[in-house]
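Chain residues, written in single-letter form:
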Amino acid sequence: MDGSDRLRLDKWLWAARFYKTRNLAKTAVEGGKVHLNGARVKAAKEVAPGDTLSVTRGEVEQTVVVVAISARRGSASIAATLYEETAESIDKRERHRAERRMLAAGLRVPKTRPNKRQRRALQGLKSGPR
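Residues numbered from 1 in each chain as written. Predicted model: local features only at pLDDT ≥ 70, side-chain atom pairs only at ≥ 80, totals over all residues. Heavy atoms only, no water.

**Student:** Which parts of the structure should I look at to understand the pattern of salt bridges?
**Tutor:** Oppositely charged side chains can pair when the atoms bearing their charge come close. Across all of its chains, the model carries seven salt bridges by this definition. Glu46 serves as the salt-bridge partner of Arg6, at 3.2 Å between the closest nitrogen and oxygen. Taken together, the residues Arg6 in the segment before strand E1 (7-8) and Glu46 in strand E4 (residues 46-47) connect sequence positions 40 residues apart. Given the relative accessible area of 39%, Glu46 is considered partly exposed. Asp10 is the salt-bridge partner of Arg22, the closest N and O atoms lying 3.3 Å from each other. Separated by 12 residues along the polypeptide, Arg22 in helix H2 (residues 22-30) and Asp10 in helix H1 (residues 9-15) bring together distant segments of the chain. Accessibility expressed as a relative area gives 34% for Arg22, which makes it partly exposed. Given the relative accessible area of 1%, Asp10 is considered buried. Within this structure, Arg8, Asp10 and Arg22 form a network of salt bridges that share partners. (Salt bridge = Lys/Arg side-chain N within 4 Å of Asp/Glu carboxyl O. Helix = DSSP H or I, 4+ residues; strand = E, 2+ residues; numbered from the N terminus. Buried < 20%, exposed > 50% of the residue type's maximum accessible area, 1.4 Å probe, protein only.)

**Student:** Looking at this structure, how should I read H2?
**Tutor:** Three or four residues apart is the spacing at which side chains of an α-helix point the same way, because the helix has 3.6 residues per turn. All of the buried residues along H2 are Ala25, Ala28 and Val29. Down the axis of H2, the smallest arc covering the buried residues is 100°, so these residues share one side. Considering only its buried residues, H2 is in contact with H1 and strand E2 (34-36). Within two residues after H2, Gly32 carries a phi angle of roughly 85°, on the positive side. (Arc of directions from axis to C-beta. Contact = heavy atoms within 4.5 Å.)

**Student:** When you look at the sheet that holds strand E6 (residues 60-66) in this model, what are you seeing that I'm missing?
**Tutor:** By definition, the strands of a sheet pair up through backbone hydrogen bonds, in either a parallel or an antiparallel sense. The sheet built from five strands is open, its strands ordered E3-E2-E5-E6-E7 with antiparallel pairing. Of all the strands in the sheet, just strand E3 (39-40) and strand E7 (83-85) have a single pairing partner and so form its edges. In this structure, E2 lies alongside strand E5 (residues 52-57), joined through three bridges in antiparallel fashion. Note that in E5 the partner of Leu36 across the bridge is Leu53. Helix H4 (residues 87-104) rests against E6 and E7 of the sheet, and its axis sits at about 160° to E6. (Pairing = 2+ DSSP bridges. Axes fitted to C-alpha atoms, helices over the stretch in contact; angles between N-to-C directions.)

**Student:** How should the environment of Lys33 be read in this particular structure?
**Tutor:** Inspection of the secondary structure puts Lys33 in the loop between H2 and E2. Owing to a relative accessible area of 42%, Lys33 belongs among the partly exposed residues under this scheme. Note: C-alpha distance between Lys33 and Glu61 (28 residues apart in sequence) is 9.0 Å. Residues in contact with Lys33, not counting those within four places in the same chain, are Tyr19, Ala28, Ser54, Val55 and Thr56.

**Student:** What's the story with the pairing of E5 in this structure? I'm lost.
**Tutor:** In regular strands, side chains alternate between the two faces of the sheet. Here six bridges tie E5 to E6, and the two strands are oriented antiparallel to one another. Bridge assignment links Val55 to a residue of E6, and that residue is Gln62.

Shown next as structure tokens:
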């Protein structure tokens, strides 16, 4: 890790392994997928420890707090020490993951309670053939 306390946003995102290349990080920042302290910024904006980043990749949005600065891209375990994900972000990500699993399994949460006819049909399915 570097001794410097500030670094370009795109370079930090690359070093923290949010994106595979610095160009992908730059494109994401310019596309509005990354917000620094709640504001849309340019790729050259400098980040410092204590800054909050909101990073959207696909359908997943992570909110992280910058803990350390490194201009070098290291292993995944070293990259994980550069930031700390907020508890709200982890909860939101886990709920989203559970919803995706349910949808993949064909389970959908109904918008309303089942009526009498639907309840009887469900009971018939649960009890099996007679």
